[in-house]
Protein chains: 2
Amino acid sequence: MRVKREQRPQITEESIITAAWALLGSIGIEEFSMRKLADELNIQAPSLYWYFKNKQSIFQALANEVAKEALVSATLEGPWQEQLTHFATCIKNTLNKYPCSAQLWMRTVPMDPDYLAVINTLLKIIDPLLIEESDKFALAACLLNYVISFELDKYEQRKVDLSMLGEGQEGAQVLFRQSLEQLPEEKTQVIKRMYENGLFKELGSDRMFNTGLRLIVSGIERLAHEG
Amino acid sequence: MRVKREQRPQITEESIITAAWALLGSIGIEEFSMRKLADELNIQAPSLYWYFKNKQSIFQALANEVAKEALVSATLEGPWQEQLTHFATCIKNTLNKYPCSAQLWMRTVPMDPDYLAVINTLLKIIDPLLIEESDKFALAACLLNYVISFELDKYEQRKVDLSMLGEGQEGAQVLFRQSLEQLPEEKTQVIKRMYENGLFKELGSDRMFNTGLRLIVSGIERLAHEG
DNA sequence: ACCTGAACACCGTTCAAGT
DNA sequence: ACCTGAACACCGTTCAAGT
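Since we're looking at a predicted model, the values are computed, not measured.

Caption draft 1: Seen up close, the nonpolar core. One finds A:L37, A:W105, B:L37 and B:W105 to be the most contacted residues of the largest nonpolar core, which totals 164 residues. Residues contacting A:L37, with those up to four places away along its chain left out, are A:I16, A:A19, A:A20, A:L23, A:F32, A:L48 and A:I58.

Caption draft 2: Just empty space enclosed by the protein, in detail. Summed over all chains, the structure comprises 9 cavities of 30 Å³ or more. Contributing to the lining of the largest cavity are A:M106, A:N145, A:I148, A:S149, A:L152, B:M106, B:N145, B:I148, B:S149, B:L152 and B:D153. For the lining of the largest cavity, the secondary structure elements donating two or more residues are α8 (133–165) of chain A together with α8 (133–165) of chain B. If you tally residues by element for the lining of the largest cavity, the top one is α8(B), at 5 residues. When grouped by side-chain class, the residues that make up the lining of the largest cavity number 6 nonpolar, 4 polar and 1 charged.

Caption draft 3: A look at the packing of aromatic side chains. What the rule picks out here adds up to 22 aromatic pairs over all chains. Note on B:F176 and B:Y195: the rings are 4.8 Å apart at their centroids and 50 degrees apart in plane angle, and the pair reads as tilted. Highlighted residues: B:F176 in helix α9 (residues 172–181) and B:Y195 in helix α10 (residues 189–196), separated in sequence by 19 residues. On the basis of relative accessible area, B:F176 is assigned to the buried category, the value being 1%. Its relative accessible area of 13% is what places B:Y195 among the buried residues. Following the ring pairs from residue to residue traces out a cluster consisting of A:F137, B:F176, B:Y195 and B:F200. Between A:K92 and the ring centre of A:F209, over which it is positioned, the NZ or CZ distance is 4.8 Å.

Caption draft 4: Looking closely at the interface of chain A and chain B. Each side of the interface is counted separately: chain A has 61 residues, and chain B has 61 residues. Summed over both sides, the interface between chain A and chain B buries roughly 5,700 Å², with carbon and sulfur atoms accounting for 68% of that surface. Summed over the three residues of chain A that lose the most area to chain B, namely A:M111, A:F137 and A:L215, the buried surface amounts to 12% of that side. For the salt bridge of A:D127 with B:R193, the shortest nitrogen-to-oxygen distance reads 2.9 Å. Across the contact surface, chain A and chain B share 23 residue pairs in polar contact (both at pLDDT 80 or more). At the level of secondary structure, the elements contributing two or more residues to the side of chain A that touches chain B comprise α7 (113–126), α8, α9 (172–181), α10 (189–196) and α11 (206–226) of chain A. A per-element tally of the side of chain A that touches chain B places α8(A) first, with 15 residues. Looking at the side of chain A that touches chain B, its residues break down into 32 nonpolar, 12 polar and 17 charged.

The rules behind each value
- Residues numbered from 1 in each chain as written.
- Chains lettered and ligands numbered in written order.
- Predicted model: local features only at pLDDT ≥ 70, side-chain atom pairs only at ≥ 80, totals over all residues.
- Heavy atoms only, no water.
- Core = buried A, V, L, I, M, F, W, Y, C linked by side-chain atoms within 4.5 Å.
- Buried < 20%, exposed > 50% of the residue type's maximum accessible area, 1.4 Å probe, protein only.
- Contact = heavy atoms within 4.5 Å.
- 1 Å grid on protein atoms, 1.4 Å probe; cavity = no way out; pocket = protein on both sides within 12 Å on 5 of 7 lines; lining within 4 Å.
- Points joined across faces, edges and corners; volume = space filled by probe spheres on them.
- Helix = DSSP H or I, 4+ residues; strand = E, 2+ residues; numbered from the N terminus.
- Nonpolar A, V, L, I, M, F, W, Y, C, P; charged D, E, K, R; others polar.
- Phe/Tyr/Trp six-rings, centres within 6.5 Å; stacked < 30°, edge-to-face > 60°.
- Lys NZ or Arg CZ within 6 Å of the ring centre and 35° of its normal.
- Buried area = accessible area lost by both parts, 1.4 Å probe.
- Salt bridge = Lys/Arg side-chain N within 4 Å of Asp/Glu carboxyl O.
- Polar contact = N/O pair within 3.5 Å; in protein donor to acceptor, adjacent residues only side chain to side chain.

Any functional reading would require information that these geometric values do not contain.
Rendered as structure tokens:
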């Protein structure tokens, strides 16, 4: 019986991408390396270079996938306010689904085809509005940046929380307290009050996301009425 | 004559920070390394660890300096809309002054004292408004993220432009054209039109910044009237 | 066509040893 | 107290060599 036949690992671009998502999910983007990715696939690191030009192009492919999924999950119906809110929520949910995808979008060249299609969809929604042509761009960028920043902040906060948890404290809250005490009262007055009211627990919540989203949509509405 | 006396390099925390800014300005944050920073100061890399715990804490100190300067450059006068606009512009200008400072703010723990003071100032400005207490936080974060994202995008665009320039083309524009052609017409319709009207040259301009800023301030105004 | 081993030029950081 | 040399455990990437 030939046993040796199947010894060779069976790698494809697809299996590399799948492994990359798994690795991002387990160790995060900072610790992500070509060698660890190769380990995940039981191959040697240089083998990866037969399928991808370099690490950046793997990240690019991952970011692409997210953009593609965000696009298909969006249904464009109803008034533009609803369309915009819905699309932004779809993007957020997609970013939330894939680990470190917000970071990937940050590191990706913004000239990527699928990423451009996302921006195009945003522009298409606000295109009928009575707004200076060159301003529409600023508005679309503003909304997209909001969604990405929101996911980034959430990730960052979770990271701080986890790293502090290991030291037997109650997470980021302790570090926060210490920072506040280093500054004079007047410079932290408001933030301190909000902290004491427990408002920090809402960081990264759906409620907070919707508030910011409403803010942006309202702002666009207002600009459109002025123009 | 004792010549050997002054052989030893005279390093201080301050001189390290100064050298770090110089290095960030010349090679950017991606290429920044402890060894190169040491070279800049004519010392060996391990010497840096006598003054700073690690690379991250140097970045932290740099980010701090930016936050401090943004704070002092802000004068809080007039109606809240003006205060907010002025403060956001001050932050943007400060970020613009120090190389890679937007990236530094992204990589910095958000629990930094001076960074918190910046958020506190934002919160203080919108504090008198009739808005749900927990929403104020979302609004402040939204505005701050907008300013940071704007500077990040500008940096990224300049980087793409420079790297393409080396290849004898007209910069990012060519890469952009190619990306557009990879997608079906309907998915790039609007963005293509805007490109052909030369609207892309406004990316990162003051005009674009002010449009987004006005959008956010208008949005807050609206939320305040509803509440 | 696909995969590996060895190597190159880098990192951040530690630490015993020097002055 | 301050600085260095040597070393450790990593990187991303290349390339001749294997199957």
